[in-house]
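Coordinates in review
The chain contents come next:
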Amino acid sequence: MILLSHKLFLINTFNMTQKLTIILDLDGTLVETAPDLINAHNHVMTKFGFEAKKSEDIKKLVGKGASTLITRSVWGQAQKNLRQINDATLKKEMVDEFLNYYKKNICVESKIVKGAEKFLNWCKKNNISLGICTNKQDYLSVDLLKKLKINHHFEYIAGSNTFDYCKPDPRHLTNVIEIMQGNVKKSIMIGDSETDAETAKSAGVLFILIENGYTEKKSSEIHHDYLIKDFIGIEEIISKYLNH
């Protein structure tokens, strides 16, 4: 009953303003990027003499960015091997190699999440502003969206290096909304991880969680106002926050 009342309050608050802004995460939310990220990750692991990882192990780390993905994978293995390494130097070399390989192979197996492209077109017809807030670097994000031919849907794309901070810092999200001349009180974030959830909650933005995302946590452990499997039927939720 409390949850229902909260949703009704949010709907009423939204209807007091004029324009709806939707900000999406990228990896695991809008685009299934895991296959290409996994290939890049394992390329680096093999090149530097570490053990390659399984897809499910890597997917859990994707939402935190390339540096975290490499660091947590490498140091876990390094500790097992009791290998003596210059941490800072090796980490930089591996992250650089990862990014160089990935940018050359960014859209080999990556694909748009089910129902997402239809949803983007629906948003355009309904005069909804769309933006991206991702911990992927901005130049990689733009390149991926261009290769998938959906970049034209977005008014602004912010990556981990766009500002001096990134998710879960709420300013990453609120700055995008402000740049797009949106209103935090009439904005929605769609993401797939606790990083996205924490960002949206701290910013006071309604959050839609895509289940089974690139995260170590279960959906039930992550804050959300709505839970969806993919973008099929999401229009029904968004319509509640549109002015008619």
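Residues numbered from 1 in each chain as written. Predicted model: local features only at pLDDT ≥ 70, side-chain atom pairs only at ≥ 80, totals over all residues. Heavy atoms only, no water.

1. Some words on the overall build of the protein
Looking only at helices and strands, the protein features 10 helices and 8 strands. For the protein, with 244 residues in total, the buried portion stands at 52%. Of the contacts made within the protein by residues no fewer than 6 positions apart, 69% connect residues no fewer than 24 positions apart. When the accessible surface of the protein is split by element, carbon and sulfur atoms take 49% of a total near 12,100 Å². (Helix = DSSP H or I, 4+ residues; strand = E, 2+ residues; numbered from the N terminus. Buried < 20%, exposed > 50% of the residue type's maximum accessible area, 1.4 Å probe, protein only. Contact = heavy atoms within 4.5 Å. Areas by Shrake-Rupley, 256 points an atom, 1.4 Å probe, with all protein chains shown as cover.)

2. A look at the pattern of salt bridges
Counted by the stated rule, this structure contains 7 salt bridges. Salt-bridge contacts for arginine 171 lead to aspartate 169; the nearest nitrogen and oxygen are separated by 2.8 Å. By relative accessible area, arginine 171 is classed as partly exposed at 42%. Members of the salt-bridge network, linked through shared partners, are Asp25, Lys167 and Asp196. (Salt bridge = Lys/Arg side-chain N within 4 Å of Asp/Glu carboxyl O.)

3. Some remarks on the sheet that holds strand β6 (residues 187-191)
Strand order in the open sheet made by the 6 strands is β5-β4-β1-β6-β7-β8, with parallel pairing throughout. Both outer strands of the open sheet, β5 (156-158) and β8 (226-228), are each paired with one neighbouring strand and no more. The mean angle between the axes of side-by-side strands here comes to 20°, regardless of whether they run parallel or antiparallel. Bridging between β6 and strand β7 (residues 206-210) involves 4 bridges; their strand directions are parallel. Bridging from a neighbouring strand, glycine 191 pairs with leucine 209 of β7. Its contacts with the sheet place helix α8 (residues 170-179) against β1 (21-24), β4 (129-133), β5 and β6, and it is angled at close to 160° to β5. (Pairing = 2+ DSSP bridges. Axes fitted to C-alpha atoms, helices over the stretch in contact; angles between N-to-C directions.)

4. Things to note about the pairing of β4
Within β4, 5 of the 5 residues are buried, leaving the element largely enclosed by the surrounding structure. Pairing of β1 with β4 involves 4 bridges; the strand directions are parallel. By the bridge assignment, threonine 21 is partnered in β4 with serine 129. Here β4 runs beside β5; their pairing, made up of 3 bridges, is parallel. Among the inter-strand pairings, isoleucine 132 is bridged to a residue of β5, identified as isoleucine 157. You can see the chain leave β4, run along helix α7 (residues 138-147) and come back into β5, and the turn it takes is right-handed. (Right-handed = clockwise from strand over helix to strand, strands pointing away.)

These results come straight from atomic positions and should not be treated as a statement about function.
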